[in-house]
Amino acid sequence: MAGRFAPNQPTRTTVRGGHTPLPKAIPRQVTAAHTRRWTPPGPLDLGLVLGPLRRGPADPTFRTTPDGSVWRASRTPAGPGTLRVALRAAAGTDEAEAEAWGPGAEWLLEHLPALLGEADDPAAFTPRHRLVAVSQHRRPGLRLTRTSLVLEALIPSILEQKVTTDEAYRAWRLLVRKYGEPAPGPDARLHVMPDPRTWALIPSWEWHRAGVDNKRASTILRAVRVARRLEEAAAMEPQQAQERLELIPGIGPWTSAETVQRSNGAPDAVSVGDLHLPGIVGYALAGDRNADDAAMLELLAPYAGQRHRAARLILLSGRTPPRRTPKMPRGDIGAL
């Protein structure tokens, strides 16, 4: 049942599972106004923990550098901020070294432990399938991140509704670069996503040029109008947070799950309604490439409370059904 595992090079499926390869560390000196060091309670893999926050290889809010660092630009409750995180060996263990810039620097450093999975408990997970057990064994540094930022996770998730990932990543990249603002700090390539008012003022033709149809654009506009109320969901239990998000027309179980997985660190939020995930889970655990959402949930039932972690481990295993149909065609309504 375990099947063959993919080689060390990441595949599209392992990237979906939240895998960001980091370059080999090279010593680098950076001076910052705000710094913090934090020792994780166990093994920590920055690429696995923070990988789900990257929206494509050219995400203007996220990048990795040759010194082994992860850089993120965020719009925090205190304002825009840039965070650089790297792991350094200290006293026989890995220590997270963080630097931050901008009005949101202190907020980002305060939430650093949660971002790196402090509240997550990998020990609560018990593998029920050999494939899952092997995947977990190979990735001891996997922890579930919690950003405590809802809109930052919600808007790109809405952009990913019913389109290819390439289309969604392109839309996110174009809109953030054009309507966001340069991130504070030394990295001029990073941008902070627009604030709610700026999202609301984007003209209809600019959504069109970015390849975003009216349905997704309208959903984003409805969400940013109640941004403050949605951000409150970051402090809720994941199920309650999903229920609040789904009060917005156009936000369903898939979008709310994709959001709270990141904003709330929800270990049990399953992306029901995904085009590929049921077939991947069904094929990996039961050899059923035609599994639907109901079959997927039945297969994940032994992992109740940890179904999102189980799904990530399955994605990271690289065990996927052979392709039998052409890829979903990429559309570009901006070219019409």
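Numbering of residues begins from 1 in every chain and follows the order in which that chain's sequence is written. Whole-chain, interface and lining totals are the exception, using all residues; otherwise, since this is a predicted model, local features are given only for residues with pLDDT of at least 70 and side-chain atom pairs are given and counted only at 80 or more. With hydrogens and water set aside, each side-chain value is computed from the structure's full complement of heavy atoms.

How should the overall build of the protein chain be read in this particular structure?
A run of DSSP states H or I qualifies as a helix once it reaches four residues; a run of E qualifies as a strand once it reaches two. Both are numbered from the N-terminal end. From N to C terminus, the protein chain includes 16 helices and seven strands. Each residue is placed in one exposure class: buried if its accessible area under a 1.4 Å probe, protein chains only, is under 20% of its type's maximum, exposed if it is over 50%, and partly exposed if it falls in between. The 336 residues of the protein chain split such that 51% are buried. Only heavy atoms matter for contacts: two residues are in contact if any of them lie within 4.5 Å across the pair. A separation of at least 24 residues holds for 70% of the contacts in the protein chain among residues at least 6 apart in sequence. Here, Shrake-Rupley sampling with a 1.4 Å probe gives the accessible areas, and only protein chains in the shown set may cover a residue. Roughly 15700 Å² of accessible area belongs to the protein chain as shown, and the carbon and sulfur atoms make up 52% of that amount.

What is the right way to read the nonpolar core from this model?
One broad rule of soluble globular proteins: the nonpolar side chains tend to lie buried together. The set of buried Ala, Val, Leu, Ile, Met, Phe, Trp, Tyr and Cys residues whose side-chain atoms join them within 4.5 Å is what this entry labels a nonpolar core. With 34 residues, the main nonpolar core has L151, L154, W199, W207, V212, I220 and L230 as its most contacted residues. Taken together, the elements giving at least two residues each to this core come down to α6 (150-159), α7 (165-179), α10 (214-225), α11 (227-231), α12 (238-245) and α13 (253-263). Looking at this core, the element that brings in the most residues is α6, giving six residues. Those residues in contact with L151, other than ones at most four positions away along the chain, are P156, M193, P196, V224, A227, L230 and E231. One finds V70, L83, W107 and L116 within the second-largest nonpolar core, a separate group that totals 21 residues.

Help me out: how do you make sense of helix α5 (residues 130-138) in this one?
Each full turn of the α-helix corresponds to 3.6 residues, which orients residues three or four apart in the same direction. Within α5, the full set of buried residues consists of L131, V132 and S135. In an axial view of α5, the angular spread of the buried residues amounts to 95°, which keeps them on one side of the axis. Projecting away from the buried face of α5 at angles above 90 degrees are the exposed residues R130 and H137. Buried residues belonging to α5 abut α14 (277-286) and α16 (307-317). The arc in question is formed by the directions pointing from the helix axis toward the C-beta atoms.

Explain the sheet that holds strand β4 (residues 79-90) here, please?
Strand pairs in the sheet, formed through backbone hydrogen bonds, run parallel or antiparallel to each other. Ordered in space as β1-β5-β4-β3-β2, the five strands form an open sheet in which the pairing is antiparallel. On the outer flanks of this sheet lie β1 (34-38) and β2 (62-64), each paired with one strand and no other. On average, each strand axis in the sheet is tilted by 25° relative to the strand beside it, whichever way the strands run. Here the rule is simple: two strands pair whenever DSSP picks up at least two bridges between them. Bridging between β1 and strand β5 (residues 93-101) involves five bridges; their strand directions are antiparallel. Among the inter-strand pairings, H34 is bridged to a residue of β5, identified as A100. Fitted lines through C-alpha atoms give the axes, limited to the stretch in contact for helices. The angle between two N-to-C directions lies from 0 to 180 degrees.

Whenever I open this one, the pattern of salt bridges confuses me. Can you help?
When the charged atoms of two side chains with opposite charge come close together, those side chains can pair. One speaks of a salt bridge when a side-chain nitrogen belonging to Lys or Arg is within 4 Å of a carboxyl oxygen belonging to Asp or Glu. All chains considered together, the criterion is met by 20 salt bridges. Here R37 makes a salt bridge to E95, at a shortest N to O gap of 3.1 Å. Here R37, found in strand β1, pairs with E95, found in strand β5; they are 58 residues apart in sequence, far enough to count as distant. By relative accessible area, which is 16% here, E95 ends up buried. With a closest N to O distance of 2.5 Å, D120 and R309 form a salt bridge. With D120 in the loop between α4 (112-115) and α5 and R309 in helix α16, this pair connects stretches of sequence that are 189 residues apart. Taken individually, D120 and R309 each receive the classification buried, so the pair is uniform in this respect. Within the structure, one salt-bridge network assembled from shared partners comprises R37, D67, R84, R88, E95, E97 and E99.

I keep staring at the pairing of strand β3 (residues 70-76) and nothing clicks. Help me out?
Looking along a regular strand, one sees side chains alternate from face to face of the sheet. Among the seven residues in β3, seven count as buried, and that is most of the element. A two-sided burial pattern is seen for β3, the buried positions comprising V70, R72, S74 and T76 on one face and W71, A73 and R75 on the other. With three bridges connecting them, β2 and β3 associate as antiparallel partners. Following the sheet pairing, T64 is matched in β3 by V70. The loop that links β2 with its antiparallel partner β3 comprises five residues; one of these, G68, has a positive phi angle of about 85°. Strand direction decides the pairing type here: β3 and β4, joined by seven bridges, are antiparallel. Counterpart to A73 in the pairing with β4 is T82. Taking the residues that link successive antiparallel strands as the turn, the β3-β4 hairpin has two residues.

Would you explain the packing of aromatic side chains in this entry?
Aromatic rings considered in pairs are described by the distance between their centres and by the relative angle of their planes. In this analysis, rings of Phe, Tyr and Trp, with Trp reduced to its six-membered ring, are considered paired at centre separations within 6.5 Å, and the interplanar angle assigns stacked below 30 degrees, edge-to-face beyond 60, and tilted for intermediate values. Throughout the structure, instances matching the rule amount to four aromatic pairs. Summarising the aromatic geometry, the rings of W71 and W101 are spaced 5.4 Å apart at their centres and angled 10° between planes, so their arrangement reads as stacked. Taken together, the residues W71 in strand β3 and W101 in strand β5 connect sequence positions 30 residues apart. Take W71 and W101: they sit in the same class, and that class is buried. Judged by centre distance (6.1 Å) and plane angle (20°), the rings of W199 and W207 are stacked. Here W199 matches W207 in class, with each residue buried. Put simply, the rings of W172, W199 and W207 touch in pairs and so form one group of aromatic residues.

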